[in-house]
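These are the residues of each chain, in order.
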Amino acid sequence: MTTPLTLGTDQAHARLHELTVIDVRTPGEYASGHLPGALNIPLDRIRRALPEIRHAAVRGEVLLVCASGTRSENAGRVLAEHGVPTATLAGGTHAWAAAGHDLRRPAVRDTRTGWSMERQVRFTAGTAVLLGLLLGLLVHPAFQVLSAGIAGGLVLSALTDTCGMALLLARLPHNRPRPADLAATLAALRRR
């Protein structure tokens, strides 16, 4: 099993022309801004794309990217289990932008996309907490358990650096790549 490497933003920027960059965020997050030349293969599709990623890794180094680095590290572990060497971008696209490097955005935004996963989680969690409190006041106090459950989930998310709500939201139609988009991405990866 190979161990994924981590590249800093300046290292990755200097070598961007020689790297195959795979963004493992949802299509909506990818559309909100991605590294130049990055291909979008969401984390939950990495196993499906394994043959194409293996092919790209034989031809050159593969850099995995997400918003902060956690999902790309998870993707790197999956690929390492299959003997595919990769590198991850330390700090993800947030660090890339903070270092002053450009992010690319599609010229015409897909109306299905727009909010980052982090924003979707904050909106959903906040709405559920408010709903639990409101129903607890107006209908029955037992509805406050909903708010407590969301609070507990947020604490667990922070402690484990995972997010179950993000995993659920990623399965919504607006966060899923269309089959044609994924097929085109895999075809582009095969050509590298």
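Residues numbered from 1 in each chain as written. Predicted model: local features only at pLDDT ≥ 70, side-chain atom pairs only at ≥ 80, totals over all residues. Heavy atoms only, no water.

### A short note on the overall build of the chain
Selection rule: Helix and strand assignments come from DSSP, with helices taken as H or I runs of at least 4 residues and strands as E runs of at least 2, each series counted from the N terminus. Relative accessible area decides the class of each residue, using a 1.4 Å probe on protein chains only: under 20% of the type maximum gives buried, over 50% gives exposed, and in between gives partly exposed. Exposure was quantified through the Shrake-Rupley algorithm and a 1.4 Å probe, taking into account, for residues, occlusion by the shown protein chains and nothing else.
Looking only at helices and strands, the chain features nine helices and five strands. Helices and strands appear in the chain in the N-to-C order β-α-β-α-β-α-β-α-β-α-α-α-α-α. Across its three principal axes, the chain shows a C-alpha extent of roughly 60 × 35 × 35 Å. Residue burial in the chain is summarised as follows: out of 192 residues, 40% are buried. Accessible surface for the chain amounts to roughly 10,400 Å². Of this, 63% is attributable to carbon and sulfur atoms.

### A closer look at the nonpolar core
Where we set the bar: What is meant by a nonpolar core is a set of buried Ala, Val, Leu, Ile, Met, Phe, Trp, Tyr and Cys residues, joined one to another through side-chain atoms within 4.5 Å. In this analysis, two residues are considered to be in contact whenever any of their non-hydrogen atoms come within 4.5 Å of each other.
Counting residues in each nonpolar core, the largest one holds 21 residues, and the members touching the most others are Ile 22, Ile 41, Ile 46 and Ile 53. The contacts of Ile 41, once residues within four sequence positions are left out, are Ile 22, Asp 23, Val 24, Ile 46, Ala 49, Ile 53, Leu 182, Thr 185, Leu 186 and Leu 189. Leu 7, Ala 12, Val 21 and Ala 38 belong to the second largest nonpolar core, which has 13 residues in total.

### Considerations on the environment of Leu 131
One can find Leu 131 in helix H6 (residues 117-138). Spatially, the C-alpha atom of Leu 131 lies 8.7 Å from that of Gln 144, the residues being 13 residues apart in sequence.

### Here we look at the sheet that holds strand E3 (residues 39-40)
Condition: DSSP-based pairing: two strands are paired if at least 2 bridges between them are found. The axes are straight lines fitted to the C-alpha atoms, using for helices just the contacting stretch, and the angles between their N-to-C directions are given from 0 to 180°.
Taken in spatial order, the five strands make up an open sheet running E1-E5-E4-E2-E3, and their pairing is parallel. Whereas interior strands pair on both sides, the edge strands pair on one side only; in this sheet they are strand E1 (5-7) and E3. In the sheet, strand E2 (residues 20-23) pairs with E3 via two bridges, with the strands oriented parallel. By the bridge assignment for E3, Ile 22 is matched with Leu 39. Of the strands in this sheet, strand E4 (62-65) and strand E5 (87-89) are in contact with helix H4 (residues 70-81), which crosses E4 at around 140°.

### A look at the layout of surface pockets
For clarity, the threshold we go by: With a 1 Å grid laid over protein atoms only, a set of points is called a cavity when a 1.4 Å probe fits there but cannot get out and a pocket when it is open yet has protein on both sides within 12 Å along at least five of seven lines; lining residues have an atom within 4 Å of a point. Grid points are joined across faces, edges and corners, and a volume is the space filled by probe spheres set on the points. In this classification, Asp, Glu, Lys and Arg are treated as charged, Ala, Val, Leu, Ile, Met, Phe, Trp, Tyr, Cys and Pro as nonpolar, and every other residue, Gly included, as polar.
In this structure, the largest pocket spans a volume of roughly 910 Å³. Around the largest pocket, the lining is made up of 36 residues, and of these Glu 29, Arg 71, Met 117, Cys 163 and Ala 166 lie nearest the centre. Breaking the lining of the largest pocket down by element, the ones donating at least two residues are H4, helix H5 (92-98), H6, helix H7 (144-160) and helix H8 (164-169). The element contributing the most residues to the lining of the largest pocket is H6, with four residues. Of the residues in the lining of the largest pocket, the class split is 14 nonpolar, 12 polar and 10 charged.

### Section: the pattern of salt bridges
Defined as follows: When a carboxyl oxygen of Asp or Glu lies within 4 Å of a side-chain nitrogen of Lys or Arg, that pair is called a salt bridge.
Applying the stated criterion across every chain yields a total of six salt bridges. Close ionic contact of Arg 190 with Glu 52 constitutes a salt bridge, the shortest N to O distance being 3.0 Å. With Arg 190 in helix H9 (residues 179-190) and Glu 52 in helix H3 (residues 50-59), this residue pair connects regions lying 138 residues apart in the sequence. When its relative accessible area of 43% is taken as the criterion, Arg 190 is described as partly exposed.

### Comments concerning the pairing of E4
Both faces of E4 are covered, namely the face carrying Val 62 and Leu 64 and the face carrying Leu 63 and Val 65. With four bridges joining them, E2 and E4 adopt parallel strand pairing. Opposite Asp 23, over in E4, you have Val 65 as the bridge partner.

### Notes on a nonpolar patch on the surface
Put simply, the rule is: Each patch is built from residues that are more than 30% exposed by relative accessible area and take part in no salt bridge. Like charges join if they lie within 9 Å; nonpolar side chains (Val, Leu, Ile, Met, Phe, Trp, Tyr) join within 5 Å.
A grouping of Leu 134, Leu 137, Leu 138, Val 139 and Phe 143 is seen on the molecular surface, where their side chains present a nonpolar patch of about 540 Å² in accessible area. By the secondary structure assignment, Leu 138 is in helix H6. With relative accessibility at 65%, the residue Leu 138 sits in the exposed group.

### Some thoughts on H7
Three- or four-residue spacings in an α-helix give side chains the same orientation, since the helix completes a turn every 3.6 residues. Test applied: The span you would expect from a helix comes to 1.5 Å times its residue count less one. To be clear, the arc concerns the directions from the helix axis to the C-beta atoms.
When the terminal C-alpha atoms of H7 are compared, their 25 Å separation across 17 residues agrees well with the 24 Å that a helix rising 1.5 Å per residue should span. Those residues of H7 that sit buried are Ser 147, Ile 150 and Ser 157. One side of H7 carries all its buried residues, which in axial view fall inside an arc of 85°. Along H7, the residues that are exposed and aim more than 90 degrees away from the buried face are Val 145, Ala 148, Leu 156 and Leu 159. Residues of H7 that are buried make contact with H6 and H8.

Keep in mind these values describe shape, not function.
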